[in-house]
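Spelled out, the chains give:
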Amino acid sequence: MDTINQGPSERLALLIDLERCTGCKSCEAACKTEHRLGPGEYRNKVVWASALEEAGLAFLTLTCQHCERPACLRACPVNPKAIAKDPLTGIVRVDESRCTGCGECVIACPYSAMGYDAKGHHAVKCDLCTERRAEGDATTACASVCPTQAIRFGKRDELLADARASGRLPRDQDHFLLGPATIYLERTTPRNTATPTAITPARAHPGESRRPSFIDGLAAQTAVQAQTPSFPYGESRADTAPDRVVPGGCNICFNCCTVKFHFKNNKLIKITGNEDDPLLKGRVCPKSQLTLQMYHSEHRLLYPQKRVGARGEGKFERISWDQALDEIADKLKIIRDQYGAEALAMFIGTRTGILDYRATTKMFAQLFGTPNKDGTDPFCASGKNVAFELTLGSIGSGNSYTENDLGSAELYVYIGDNQAETRPVYFGMINDWRIKNGAKMVAVDPRLTATASKADRWLPIRPGTDMALGLALAQHIIANNLHDAQYCADWVLGFEQWRDFILHKQYTPEWAEQATGIAAADIKRLAEEIAAADGCVIFASRGVNQHTNSTQTNRVLMFVSAITGNWGRRGGAFFNMSAGTPIAAKVPEHRAPKINKQRVRRSPAGWTEAMLHGMPYPIRALITCNNPLAQWPGQAKAREAFAALDLMVHIELFANETSAFADYLLPAASGIEKGEIGRSNDDRRIVWIDKMIDPPGEAKSDTWIWIELGKRFGFDDVLKDKYKDPAVFWDEVCIDSDGLRGCTQKRLHSVPYRWVRQPVATEDAPEIETLFLEGTTVPNGAPGRRFPTKSGKLEFWTDELEAKFNVLGLSALPEFYSEREQLVDLPYMELLETDAEAGVISPFCSPATGSARGRIVAPGPDHPGIKLRAQGFDTELVTGRPPAAHFHSWTHYFWQSQEMWPDLYCQIHPDKAAKLGINDGDRVQVESAHGRIEAMAWVHAGIRPTAVFIPIGWGERQPYNPWRPVNFLTDSTQRDPVSDQTNLKVLLCRVSRA
Amino acid sequence: MLNCPQPFWTALILQRHDLPDARLLQLTAAAVIAVILWFVIRGLLPEAWRSPGSPELYLAGVAGVLLLLVPVAFVIAKRGGSGANPVNWFNAHVLCSLIGMVLIVIHSGGFLRRPPALLLLALIALAALGVWARIRGSRRMAATFASKAPGFTVPDAATRDRLRVLIAEKRTLLLQLDPQANEGTFSVNLPHFMRSPGLALAYRKLAREESLLLGSRAAVSAKQAWWRPLHMALAWLFVLGVVIHVVTVTFFAGYVADGGPINWWHLRAWGG
């Protein structure tokens, strides 16, 4: 550091570690919440410390540098200055009462770290949370929440000493001899070299800092800034000082963060992380904090409404709850009488909460007598769920995010899992262990995601070919005797059959290179690393799941974990997102009418023929609790099908695309407005959220709505009125299983972080850090039964499994196939029955569910890919989750999520963009064989040159920056016959400037 | 002082009273309407209200100039160290400028093809620029956060060397200009210019060079970077124009009248 003055020893500073920062923007959320800043006002902001042309993502939080020689202070023309520097701590602060808003300080700061309040006309800047710390907090708001511990606050000298002691180097960003106090730690040196197809994420000294153009687009940001943000933004500190703090959890995503809700006069004023949680330690992603904007949103639905215009027009009139529920019940009775109970379909998204998803709605469906009830699983996770059930006998790995368990691994392999943006806090823990323990990390993904940017190697795989990679890894391990033979002999059933199959098929790394685009040498190297590691954790997720080969790919990757002994040990696991929540809500047998017909299909996307044409039988009514008209693949057909229904009821927080098609729109409560448990998460934590406030207007909890609707059918002897209290419902109905029996309200409330890790069979049973360890027995299992399968072993192949797969025309031994829409001709899955046909009863589903049989088609002259490519569809379309501030539709109603990520974007490689004449920030048109949408171009070298990526979640009726959802480009008929999972990860498309 | 507790009344005086955009637009609209109204009804008014030299319009001009002295006072209060609340002074400068502008327009009597009309033009440009800066420029200021590349580019050795020399020169100069001051937090202000204009100018020159090397002004849009220097330059041009106007109408009345009658009231009344 080349500074003029030696800073005082009491000088305070932030330390920002580029090796840890994933650009999640949690710090931005915390800062705005702490200082009640509105749209466009910043004290910190995430920037990309790498040029777009580089295949690297190096993020950093830009904030005031608290310079020794602050250019801002010297530029201030006011006398005495409106900016002052504390001689002891070095903190540079703005005295807003003296600031005339001339902006000279904003212009003068070469780091552009001086903010400006465009409404209040004065400079704003980071003061290292001086007031917050004066009130007793030990650290700054940004550092307190950072999911990856990338931000630390303290005395500058001590922070520097710590960094140097751990061998880390501070960046030299004192280019202008201003003596910046903020410390940025350089990324670490790459430990490995890679072959040309594998790319080492950029770790060199980053070039200029910048952000993708579309994020700061004038129109997009104006849309956010034009609306006055709701309470408590702009309020004084005194008016938002909490008088009560209640622990609870975030109800949005699978990280299921524990949080604290801060109240003043019973009004929610702030949501922070819960530092009393021994696991997450107060770290939260931006979403948890931004739910404050859901609770105070001016966009919330406030009262029941009835459609008065045409379907899709969005015209409604206000009605009472009694009228709404009476009329819905009357119409349902008519439909039931005319078509049968199964003519009612229920699509229950996870927005509704796990309690309602797994308990209330399940009970209602059983009482009503319809099998046609499902959620988002077949769009996200049904393939991995089936694979887990077949292989392990239960869902989830059994490992925990603890130092002893996952923290002790030597190798982390991410395959199609962008954990840094989908479960940011969990990733922060993994990345911390990687850095501290020197563990290796490899990311396999078509994109250089935030996760891949932290890895030692990024393998940019062709989307849809993870199965080929898994097979080749296994082949190389087995062929070279690198597997754990003793483990396979003791704990794997059907290993020999599978081994022989793999070897017979010659699924070699050289073979896989053609399919995956990954060099054989890299596949071999990865296989050898997995086999050699004393603890390897393979993380897979939607990138693996959302394919027609979902179940088999998951199984193959599970097998790779198992044969290397990485199952049932500390530091070794196969993970695929959430572990599931074994809620045991059941209707007494005598109260559930016999269901005479099969569920049409497991995937709701397979219900459209029943809605449109009554095939294989009619579905005439739909009750839905989220936003299928942005979420379902094949939007054009889904909208046509919804328009054909006799009755559609939508239970929601915000009016969206689906609402416009509804006959009745019912306002729902969420999170602390109703009380519930958090989402199912990776490490089996049940997080309880108390009801703390009343919902807005006349909104009601989903449970209240189902119980009240149930009363109109006489279901109230089962769906009892007292269950409207979620705590009563939980204790009396939900936990009657070995896994949850000990997870009572009493136990959940006995800890200040409100979670218990299941399984806990009794209230005083200890939590189990790692399940299935050698020498242990599954709960209620016979002695020696280590795994919860029938055999007590991991099941790769059995006669029973083979018979099940044969029902669908398949084999239990996973044979490679990919998707029909590819740039190269690979085997693909052809379904032998359409959704209009009954098909066969799937052996993988309960209740009885119709399924198409499948056939693996070898490449040939009639390959669908050839025809599509001839039509100019020359690009791989990958869809998926947007960055951490968004989750499906609902965050698009939070102004700050929209400020962070405003527009629908299309990530495109610079080479492809140049060829098409597309610049960063241009509006582009993307067309597939199934539809057309527009988006903003994000030119980024961190994606396969042949692919584009477009995220889910945007919709046409959102309040800030509406866009047609990406599911206009997807196809509802490309599904996995085993799990009914839809392919959402590779479709051919063409891109042009709009 | 940032953290000192203050008595209630002091706090009230020092409380920041921001002029919201809506209020500024209302004031501006009122000024524009007043000017338009003046032009509409001007033909219907008595002769005295159409002649810039009449007592009525002379007084309007004087009142306008007096009001336009408030922005000058704002500059002094803001930079001189005497203004307790610069924000209130800012608000006064806006309000008085707008009213002053209306009075000057009235004073012009609608004669827009003569040289003094340039002063009107400067006034209107000043007002327009000020309103733009407050309404639109503010958004640009806000959007500047995290938008500049130079702060994180690879350091340039030559720039650093030149900066090192500059800083040393500034420190040397500062020993004479303000020995108690710390170079790192110091900038020249009005009292320095009053006390030691030569040193202050020399220091300002070095500071300018340092600023150029930082490139921070060049890193923002031209509008954002230069609206304020332009605003100030126009203001000084206006002041200069007023002085010229007063001098010429007073001492070179015949030249100004260009052969016509010298009918401005103060010269007739007081003798010129």
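Residues numbered from 1 in each chain as written. Chains lettered and ligands numbered in written order. Predicted model: local features only at pLDDT ≥ 70, side-chain atom pairs only at ≥ 80, totals over all residues.

A. Structural detail: the overall build of chain A. Assigned secondary structure in chain A consists of 32 helices and 39 strands. At 28 Å, chain A has a C-alpha radius of gyration in line with the 30 Å of a compact globule built from 994 residues. Its C-alpha atoms put chain A at 85 × 70 × 65 Å along the principal axes. Out of the 994 residues in chain A, the part that is buried amounts to 65%. (Helix = DSSP H or I, 4+ residues; strand = E, 2+ residues; numbered from the N terminus. Rg over C-alpha atoms; globule rule 2.2 N^0.38 Å. Buried ≥ 20, exposed ≤ 12 C-beta atoms within 10 Å, placed from the backbone.)

B. Just the overall build of chain B, in detail. Each helix and strand counted, chain B has eleven helices and zero strands in total. Mapped from its N terminus to its C terminus, chain B presents α and β elements in the order α-α-α-α-α-α-α-α-α-α-α. For chain B, the C-alpha radius of gyration of 23 Å lies well beyond 19 Å, the compact-globule estimate for 272 residues. Viewed in the frame of its principal axes, chain B has a C-alpha envelope of about 70 × 40 × 40 Å.

C. Inspection of the sheet that holds strand 27 (residues 685–689) of chain A at higher detail. All names here are of chain A. In spatial order, the strands read 26-27-28; together these three strands make up an open sheet with antiparallel pairing. Taken across any chain shown, the strands that pair with only one partner, and hence form the sheet edges, are strand 26 (676–677) and strand 28 (755–757). Across two bridges, the pairing between strand 26 and strand 27 is antiparallel. Across the sheet, residue I677 finds its bridge partner in strand 27, namely W688. (Pairing = 2+ DSSP bridges.)

D. Geometry of the environment of L15(A). Turning to its location among the elements, L15(A) is positioned in strand 1 (residues 12–17). Along the chain, L15(A) and Q149(A) lie 134 residues apart, while their C-alpha atoms are 9.9 Å from each other.

E. A look at the pairing of strand 2 (residues 44–48) of chain A. All names here are of chain A. Where burial is concerned, most of strand 2 is hidden: five out of the five residues are buried. Bridge count between strand 2 and strand 3 (residues 59–63): five bridges; the pairing is antiparallel. Looking at the pairing, K45 lines up with L62 of strand 3.

F. Structural detail: the nonpolar core. Ranked by size, the top nonpolar core spans 330 residues in total, and within it C72(A), I538(A), C906(A) and V926(A) carry the most contacts. Dropping the residues within four chain positions of it, I538(A) is found in contact with V413(A), I415(A), L557(A), V560(A), S561(A), F574(A) and F575(A). (Core = buried A, V, L, I, M, F, W, Y, C linked by C-beta atoms within 7 Å. Contact = placed C-beta atoms within 7 Å.)

G. Seen up close, the sheet that holds strand 17 (residues 411–415) of chain A. Residues and elements named next belong to chain A. Taken together, the five strands give an open sheet; going across it, the order is 19-18-17-21-22, and neighbouring strands pair in parallel fashion. Each edge of the open sheet carries a strand with a single partner, namely strand 19 (457–459) and strand 22 (573–576). Strand-to-strand twist of the sheet, defined as the mean angle between neighbouring strand axes without regard to direction, takes the value 15°. In terms of strand pairing, strand 17 meets strand 18 (residues 440–444) through five bridges, oriented parallel. Bridge assignment links Y412 to a residue of strand 18, and that residue is M441. (Axes fitted to C-alpha atoms, helices over the stretch in contact; angles between N-to-C directions.)

H. Structural view of the pairing of strand 35 (residues 905–908) of chain A. Residue and element names in this part refer to chain A. The side-chain alternation of strand 35 yields two buried faces, one formed by Y905 and Q907 and the other by C906 and I908. One ladder, built from four bridges, connects strand 35 with strand 37 (residues 931–939); its direction is parallel. Its bridge partner lying in strand 37, Y905 is registered against M936. One ladder, built from two bridges, connects strand 35 with strand 38 (residues 947–951); its direction is antiparallel. By the bridge assignment, I908 is partnered in strand 38 with V948.

I. Highlighting the interface of chain A and chain B. Between chain A and chain B, the residue contacts involve 55 residues of the former and 50 residues of the latter. Looking at the side of chain A that touches chain B, the elements that each hand over two or more residues are strand 2, helix 2 (71–75), strand 4 (83–85), helix 3 (104–108) and strand 6 (115–117) of chain A. Partitioning the side of chain A that touches chain B into residue classes produces 24 nonpolar, 16 polar and 15 charged. (Nonpolar A, V, L, I, M, F, W, Y, C, P; charged D, E, K, R; others polar.)

J. Structural context of the packing of helix 16 (residues 466–479) of chain A against helix 18 (residues 495–505) of chain A. All names here are of chain A. Where helix 16 meets helix 18, the axes come as close as 10 Å, and the angle between the chain directions of the two elements is 105°. It follows that helix 16 is roughly perpendicular to helix 18 by the angle criterion. In this structure, helix 16 contributes L471, A474, Q475, I478 and A479 to the contact, and helix 18 contributes R499, I502 and L503. For the contact of helix 16 with helix 18, the class distribution of residues is six nonpolar, one polar and one charged. (Parallel < 35°, antiparallel > 145°, perpendicular 65-115°, else oblique.)

K. Spatial organisation of unusual backbone geometry. All names here are of chain A. Backbone torsion omega between M615 and P616 reads -5°, so that peptide bond is classified as cis. On the secondary structure map, P616 appears in the loop between helix 23 (608–613) and strand 23 (621–624). A cis amide bond links Q758 with the next residue in sequence, P759, at an omega value of 10°. Structurally, P759 is set in the loop between strand 28 and strand 29 (794–795). For S112, which is not glycine, the phi dihedral falls at a positive 45°.

L. Examining the confidence of the model for chain B more closely. Residue and element names in this part refer to chain B. Model confidence for chain B is summarised by a mean pLDDT of 88, while 91% of its residues fall at 70 or above. Mean pLDDT across the elements of chain B bottoms out in helix 1 (residues 8–14) (60) and peaks in helix 8 (residues 197–214) (96). Model confidence for the complex: the whole-complex pTM is 0.94, and ipTM, which rates the interface, is 0.92. (pLDDT = per-residue confidence, 0-100.)

M. View of helix 7 (residues 218–225) of chain A. What helix 7 of chain A keeps buried is the set Q221(A), A223(A), V224(A) and Q225(A). If you follow the buried residues of helix 7 of chain A, they end up packed against helix 31 (895–900) of chain A.

N. Region of interest: the packing of helix 4 (residues 86–108) of chain B against helix 5 (residues 117–143) of chain B. Residues and elements named next belong to chain B. Across the interface, helix 4 lies against helix 5 with an axial gap of 10 Å and an inter-helix angle of 155°. The pairing of helix 4 with helix 5 is recorded here as roughly antiparallel in orientation. Between helix 4 and helix 5 lies a crossing whose hand is left-handed. Along its contact with helix 4, which presents V94, S97, L98, M101, I104, V105 and S108, the element helix 5 presents A117, L120, L123, A127 and G130. Class assignment for the residues of the contact of helix 4 with helix 5 results in nine nonpolar, three polar and no charged. (Left-handed = near helix turned anticlockwise from the far one by under 90°.)

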